[in-house]
Amino acid sequence: MFELLGYADSFTPCGITSHGVNRSKRLQIAERLIIEESAKVVKIAVVNKGHKNGNEIHLVYNNGIVKIYNANSRRFITVLIARVPQIERYKIKVT
């Protein structure tokens, strides 16, 4: 399930979940790509994935990195290095 609920103007993260800790290697790679490519956030999407812990906030970067946070706790969950179809779900035109 992936339901795009809308967009936020800003978002301030606060901590990390235990699931996020298990993704530390992937997060290191993503952080390196963000720095090396001078990536910027292009959308802050509010997404319903049907999780019992509520909605998610997806920070979508212009290089395809997507950082995912819990909308209620604002804690980091995971990071994706997205493919084109995954980016298009956010109604972003890939150039």
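Refer to the structure presented above.
J.: Before we move on, can you summarise the side chain of His 58 with the specific residues and values?
T.: Within the element layout of this structure, His 58 appears in strand S3 (residues 56–61). At a separation of 2.6 Å, a polar atom in the side chain of His 58 contacts the side chain of Tyr 90. In this structure, His 58 is in contact with Phe 2, Lys 43, Ile 44, Ala 45, Val 47, Val 66, Lys 67, Ile 68 and Tyr 90, ignoring residues within four places of it in sequence.

J.: Can you lay out the pattern of salt bridges for me, pointing to particular residues and giving the numbers?
T.: One pass over the full model with this rule turns up two salt bridges. Between Glu 31 and Lys 67 there is a salt bridge, with the nearest N and O atoms lying 2.4 Å from each other. In this pair, Glu 31 is assigned in helix H2 (residues 24–36) and Lys 67 in strand S4 (residues 65–70), connecting sequence segments 36 residues apart. Close ionic contact of Glu 36 with Arg 32 constitutes a salt bridge, the shortest N to O distance being 3.6 Å. Remark: Arg 32 and Glu 36 occur in helix H2; sequence separation between them is four residues, near one turn of the helix. Overall, Glu 36 belongs to the exposed group, its relative accessible area being 56%.

J.: Give a detailed account of the packing of aromatic side chains, specifying residues and quantitative values.
T.: Counted under the stated rule, the structure contains three aromatic pairs. Ring centres 5.4 Å apart and planes at 80 degrees place the aromatic pair Phe 2 and Tyr 90 in the edge-to-face group. Remark: Tyr 90 occurs in the segment after helix H3 (84–88) and Phe 2 occurs in the segment before strand S1 (3–7); sequence separation between them is 88 residues. Aromatic pair Tyr 69 and Phe 76: ring centres 5.7 Å apart, planes at 75 degrees, arrangement edge-to-face. Taken individually, Tyr 69 and Phe 76 each receive the classification buried, so the pair is uniform in this respect.

J.: Any details on the nonpolar core? Residues and values, ideally.
T.: Ranked by internal contacts, the top residues of the largest apolar core, which has 13 residues, are Phe 11, Ile 57, Leu 59, Tyr 61, Ile 65, Tyr 69 and Val 79. Those elements that provide at least two residues to this core are H2, S3, S4 and strand S5 (76–81). Contact partners of Tyr 61, with chain neighbours within four places excluded, come to Ile 34, Ala 39, Lys 40, Val 41, Val 42 and Lys 67. Core analysis: the next-biggest nonpolar cluster, separate from the first, contains 10 residues, Val 47, Ile 68, Ala 82 and Ile 87 among them.

J.: Describe the sheet that holds S5, with residues and values.
T.: An order of S1-S2-S3-S4-S5 is seen for the five strands of this open sheet, with the pairing classed as antiparallel. The sheet terminates laterally at S1 and S5, the two strands that pair on one side only. Strand-to-strand twist of the sheet, defined as the mean angle between neighbouring strand axes without regard to direction, takes the value 30 degrees. Examined bridge by bridge, S4 and S5 share five bridges and lie antiparallel to one another. Across the sheet, residue Tyr 69 finds its bridge partner in S5, namely Phe 76. This element, H2, spans S3, S4 and S5 of the sheet and lies at about 60 degrees to S5.

Thresholds applied
- Residues numbered from 1 in each chain as written.
- Predicted model: local features only at pLDDT ≥ 70, side-chain atom pairs only at ≥ 80, totals over all residues.
- Heavy atoms only, no water.
- Helix = DSSP H or I, 4+ residues; strand = E, 2+ residues; numbered from the N terminus.
- Polar contact = N/O pair within 3.5 Å; in protein donor to acceptor, adjacent residues only side chain to side chain.
- Contact = heavy atoms within 4.5 Å.
- Salt bridge = Lys/Arg side-chain N within 4 Å of Asp/Glu carboxyl O.
- Buried < 20%, exposed > 50% of the residue type's maximum accessible area, 1.4 Å probe, protein only.
- Phe/Tyr/Trp six-rings, centres within 6.5 Å; stacked < 30°, edge-to-face > 60°.
- Core = buried A, V, L, I, M, F, W, Y, C linked by side-chain atoms within 4.5 Å.
- Pairing = 2+ DSSP bridges.
- Axes fitted to C-alpha atoms, helices over the stretch in contact; angles between N-to-C directions.

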